[in-house]
Amino acid sequence: MNPLNESSSKPSVAVIGGGLSGIAAATALCNRDFSVELFEARRQLGGRAGSFVDPQSKDLIDHCQHVSMGCCTNLDDLCRRTKISDLFTTETNLHFFGPLGQPACVTACPWLPCPLHLTGSLFGLRYLSLRERCSIGRTLLHLARQRVPDDRQTFLEWLQQRQQSKRTIDLFWAVILVSALAEGIDQISLQAARKIFVDGFMASRDSYPLQIPNVSLSQIYHDRLLPWLESQDVRIHLNTPVYQITGNRQGISGLWLQDRSQRQFDFYVLAVPWRQVANVCTVELTRSMPGLKHLEQFRSAPITGVHLWFDRPITALRHAVMVGHLSQWLFNRGIHNAQSGHYYQVVISGSRHLAQRQHPEIIKEVRTDLEAMFPEARQAKLLRSKLVTDQHAVFVTPPGHEKFRPGQQTPIENLMLAGDWTRTGWPATMEGAVRSGYLAAEAILQENGRPERVLVDDLPRSWLARWLFVD
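Quick notes on the rules
Residues numbered from 1 in each chain as written. Predicted model: local features only at pLDDT ≥ 70, side-chain atom pairs only at ≥ 80, totals over all residues. Heavy atoms only, no water. Core = buried A, V, L, I, M, F, W, Y, C linked by side-chain atoms within 4.5 Å. Buried < 20%, exposed > 50% of the residue type's maximum accessible area, 1.4 Å probe, protein only. Contact = heavy atoms within 4.5 Å. Pairing = 2+ DSSP bridges. Helix = DSSP H or I, 4+ residues; strand = E, 2+ residues; numbered from the N terminus. Axes fitted to C-alpha atoms, helices over the stretch in contact; angles between N-to-C directions. Left-handed = near helix turned anticlockwise from the far one by under 90°. Expected span 1.5 Å × (residues − 1). Salt bridge = Lys/Arg side-chain N within 4 Å of Asp/Glu carboxyl O.

### Digging into the nonpolar core
Then step 1. Within the largest apolar cluster, 136 residues are counted, with the highest numbers of intra-cluster contacts made by Tyr221 and Ile245.
Then step 2. The residues touching Tyr221, leaving out its near neighbours within four places in the chain, are Leu20, Ile23, Leu45, Gly46, Ala49, Ile84, Phe88, Leu226 and Met430.
Then step 3. Membership of the second largest hydrophobic core comes to 22 residues, among which are Leu308, Ile314, Ile363 and Met373.

If you want it as structure tokens, here you go:
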């Protein structure tokens, strides 16, 4: 293998892709005595966690709101390492509104042990009957104690076997899962659903709080994180797509840029979406990696962001979950400037069903949803709106699909994969992306003869959760 800089004794690494997985790999390796270069085809870092300039106001607008939770320990670690934690706000009170606007606050009870700490909040969901709330509680406990020896059952099938009613499915289970995984629960595996509910709400008292960005995603990943990487001697190449990586089963020999120049490194991390792997790898390379043979079966789900600017505030809440409506989450982005107005974003996950609807019709229904939840919205004037759909927002793992996700170490010793679509033990989330980057870094350290754990442990479980739950 040929080092990038013959005068340097540091092993060289090319990270191809500047999304969260590539950023995580570069962050882990630059602090472990590697010479790292990152190649990103776009003009800014962040991948799907990105922003665009609104042509009317010139404001930075996120393509879609991104949030994380306390259980996302590796994403939290990345934020602390790169000194961007201050750009997120922790929300320990989660605000739900029922179909008729009934408010409910989900927050931990200070004197109940985990996993009972959210029991009071469950019983505070007054838009569900007492019988329905008790049924949900019993089913949550059963889910935590459920072993999943295989991954062939949908979560809907499992719920129906537990006699969950259509109302509890529509007004509780689907509310959480569609928001988290952007897919209907008739397509979500039992394994993925269990991960969300157990790790996100039941395993630790600190799992459920939201981490919400308080600036645009571009300001986080491009304006703040990029300079930090450069301060750690990571060379960033923006607007520089990699045309192809070449080599054979014995190793990658180099990468070609679109200007047809070639670069050589000791190690390569391919951190691109699964749809782009075949475009970057030669046919010979793809055939050398049996773990990639199922990529054609992979699919993704869309998420739609509805951006709204009003002439006045419609709520002081920073977020709200709207149950039983087309609108799922509302995020209050504040006021950018006097011309823009008060800016809110409504998120609709798993929005495949919107493909045949006209934008004005969707925006009108979203406006109706907001007026049902927040009386102030009825008097507010909608200054303007924008609807943005990312058709490939989330990688989907239906039942039986988990075994097809490739690991980070490929049969080619100096080539590693990263991305939320690789095998991380997590669904397609920001946490899954960071974990994949950390695992790719671990694989490189192993190949370099310096095995080291990079991945951060999950939050510790309470004594009661350890006794009740099944791993």
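Read on for the rest.
### Let's talk about the sheet that holds strand β5 (residues 68-69)
Then step 1. Spatial strand order, β5-β9-β6: three strands in an open sheet with antiparallel pairing. A strand with exactly one partner marks an edge of an open sheet, and here the two such strands are β5 and β6 (88-91).
Then step 2. Sheet topology note: the β6/strand β9 (residues 210-213) ladder contains four bridges and is antiparallel. Bridging across to β9, Thr89 finds its partner in Ile212.

### Things to note about the packing of helix α4 (residues 130-144) against helix α6 (residues 166-181)
Then step 1. Relative to each other, α4 and α6 sit at 65°, their axes nearing to 11 Å. Seen along the crossing, α4 lies across α6 with a hand that is right-handed. Contacts from Glu132, Ile136, Thr139 and Leu140 of α4 reach α6 at Arg167, Thr168, Phe172 and Trp173.

### Observations regarding helix α13 (residues 430-447)
Then step 1. Under the 1.5 Å per step criterion, the end-to-end length of α13 is 26 Å for 18 residues, consistent within 8% with the ideal 26 Å.
Then step 2. Of all 18 residues in α13, 16 are buried, a share of seventy percent or more.
Then step 3. A positive phi of about 80° marks Gly449, the residue just after α13.

### What to know about the sheet that holds strand β2 (residues 35-39)
Then step 1. Spatial ordering of the open sheet is given by β10-β2-β1-β14-β20, a layout of five strands whose pairing is parallel. Only two strands of the sheet have a single partner each, and these edge strands are β10 (235-237) and β20 (415-417). Across the sheet, the axes of successive neighbouring strands diverge by a mean angle of 20°, strand direction being ignored.
Then step 2. Here helix α1 (residues 20-30) sits on the sheet in contact with β1 (12-16), β2 and β14 (267-270), set at roughly 165° to β2.
Then step 3. Most of the contacts of α13 go to β20, to which it runs at about 160°, and overall it touches β1, β14 and β20.

### A short note on the pattern of salt bridges
Then step 1. One pass over the structure, following the stated rule, counts 24 salt bridges.
Then step 2. Two residues, Arg224 and Asp86, come together in a salt bridge whose shortest N-O distance is 2.8 Å. On the criterion of sequence distance, the pair formed by Arg224 in helix α8 (residues 217-231) and Asp86 in the loop between α2 (73-81) and β6 is long-range, its members being 138 residues apart.
Then step 3. Residue classification places Arg224 among the partly exposed positions, given a relative accessible area of 32%.
Then step 4. Among the salt bridges present, the one from Glu132 reaches Arg167, with a minimum N-O distance of 2.9 Å. With Glu132 in helix α4 and Arg167 in helix α6, this pair connects stretches of sequence that are 35 residues apart.
Then step 5. Given a relative accessible area of 13%, Glu132 falls into the buried group.
Then step 6. Since its relative accessible area comes to 41%, Arg167 is described here as partly exposed.

### Comments concerning unusual backbone geometry
Then step 1. Following Cys114, the chain continues into Pro115 via a peptide bond in cis, with omega recorded as 15°.
Then step 2. Mapped onto the elements of the fold, Pro115 is located in the loop between β8 (103-106) and α3 (119-122).
Then step 3. Of note, the phi angle at Arg260 is positive, near 70°, even though the residue is not glycine.
Then step 4. Inspection of the secondary structure puts Arg260 in the loop between β12 (251-257) and β13 (262-263).
Then step 5. Judged by relative accessible area, Arg260 falls into the partly exposed class, the value being 48%.

By themselves, these figures tell us nothing about what the structure is for.
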